[in-house]
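Residues per chain, in single letters:
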Amino acid sequence: MTQATEEVRVPITTDDDIVTARQEGRRLSSVLGFSSTDLTLIATAISEVARNIRLYAERGDVELKLVRERDREGIVVVARDKGPGIKDVDLAMQDGYSSGGSSGLGLPGARRLMDDFEIRSRPGRGVTVTMKKWTLGGG
Amino acid sequence: MAVPILKQGDYLIASIQTALSDRDMLELRDDLLKRAGMLRSKGIIVDVTALDVMDSFASRSLRAIAHMANLRGARTVMVGIQPEVAFAMVQLGLNLEGVHTALDLEEGLKFLDRITKETGDAGD
């Protein structure tokens, strides 16, 4: 059903990798029919989830892939870490909540920037955020 | 230094030229505050035209620059926020509360001329 056409994995181990991940995301998405506004939304959302890795787990990776389905195409971003995990995911998804001294807008903000957003966490075993954005009209 | 800072009269102008890492952003904050004190600047312009993304960290850092500079007697204005960046900031729920903004460098300079003349050395 879903066919991945291009894929990039960006290891997140330093602050510079946050920039690399969002730039790769923009580059990859730009081959689809995204508007420049959408490209900026995607890059911003990637920046937030990549920073979350640095803040809470120190290292992890961001996987970016283009997907084409029968009637639409888009980008899938998977941010993974093996850090301490999030105790209360519902709380972490609330605007302004932060356990790490940040603004608390990163994850809930990223959810608003993308079309689909899913977060999974197992305490002590890390966090996986999967988010997608689809082009308008599709292919 | 990732971001060049130019002195123009009583003002400092920091022109962000490329995407900045979090570390670059903090370095910019420290450099600007240090130089504003050293040069007794009355105003600071941060030109973000070339910034690819204004995420929560960047906006928090820029807000910190403006507030810290204000406590040291210098007014700060952010110029050049691109339309798509502004859109993303609104969606993300970010605001630059308490930070002056202007369309571009020219408007930013006019703005600083006006408020530094109006208020003299006093605050807002």
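Note that the structure is a prediction, hence the values are computed from the model and not measured. (Residues numbered from 1 in each chain as written. Chains lettered and ligands numbered in written order. Predicted model: local features only at pLDDT ≥ 70, side-chain atom pairs only at ≥ 80, totals over all residues.)

## As for the overall build of chain B
Each helix and strand counted, chain B has four helices and five strands in total. Put simply, chain B runs from its N terminus to its C terminus through helices and strands in the order β-β-α-β-α-β-α-β-α. Relative to its length of 124 residues, chain B is compact, with a C-alpha radius of gyration of 13 Å against a globular reference of 14 Å. Seen through its principal axes, chain B has C-alpha atoms that stretch 35 × 25 × 25 Å. (Helix = DSSP H or I, 4+ residues; strand = E, 2+ residues; numbered from the N terminus. Rg over C-alpha atoms; globule rule 2.2 N^0.38 Å.)

## Quick word on the interface of chain B and chain A
At the junction of the two partners, chain B supplies 18 residues and chain A supplies 23 residues. Taken together, the elements giving at least two residues each to the side of chain B that touches chain A come down to α1 (22–38), α2 (56–71) and α3 (83–92) of chain B. Sorting elements by how many residues they give to the side of chain B that touches chain A places α3 of chain B first, with six residues. When grouped by side-chain class, the residues that make up the side of chain B that touches chain A number eight nonpolar, four polar and six charged. (Contact = placed C-beta atoms within 7 Å. Nonpolar A, V, L, I, M, F, W, Y, C, P; charged D, E, K, R; others polar.)

## Observations regarding the sheet that holds strand β5 (residues 100–102) of chain B
Strand pairing in a sheet relies on backbone hydrogen bonds, with the paired strands running either antiparallel or parallel. All names here are of chain B. Strand order in this open sheet of five strands is β1-β2-β3-β4-β5, and the pairing throughout is mixed. Strand pairing shows two members of the sheet lacking a second neighbour, β1 (5–8) and β5, which therefore form its edges. Strand-to-strand, the axes of this sheet are offset by a mean angle of 25°, without reference to chain direction. Pairing geometry for β1 and strand β2 (residues 11–15), over four bridges, is antiparallel. (Pairing = 2+ DSSP bridges. Axes fitted to C-alpha atoms, helices over the stretch in contact; angles between N-to-C directions.)

## So, the nonpolar core
A45, I46, V49, A50 and V62 of chain A together with I44 and M54 of chain B are the most contacted members of the largest nonpolar core, which has 68 residues in total. Looking at which element gives the most residues to this core, the answer is helix α2 (residues 36–56) of chain A, with nine residues. In contact with A45 of chain A, not counting residues within four places along its chain, are A110, L113, M114 and M131 of chain A. (Core = buried A, V, L, I, M, F, W, Y, C linked by C-beta atoms within 7 Å. Buried ≥ 20, exposed ≤ 12 C-beta atoms within 10 Å, placed from the backbone.)

## Focus on the packing of α2 of chain A against α3 of chain B
Following both chains from N to C, one finds α2 of chain A and α3 of chain B inclined at 50°, their axes separated by 9 Å at the closest point. Judged on the interaxial angle alone, α3 of chain B and α2 of chain A are oblique. Considering the relative orientation of α2 of chain A and α3 of chain B, their crossing is right-handed. In contact with S36, T37, T40, L41 and T44 of chain A of α2 of chain A, α3 of chain B contributes E84, V85, F87, A88, Q91 and L92 of chain B. (Parallel < 35°, antiparallel > 145°, perpendicular 65-115°, else oblique. Left-handed = near helix turned anticlockwise from the far one by under 90°.)

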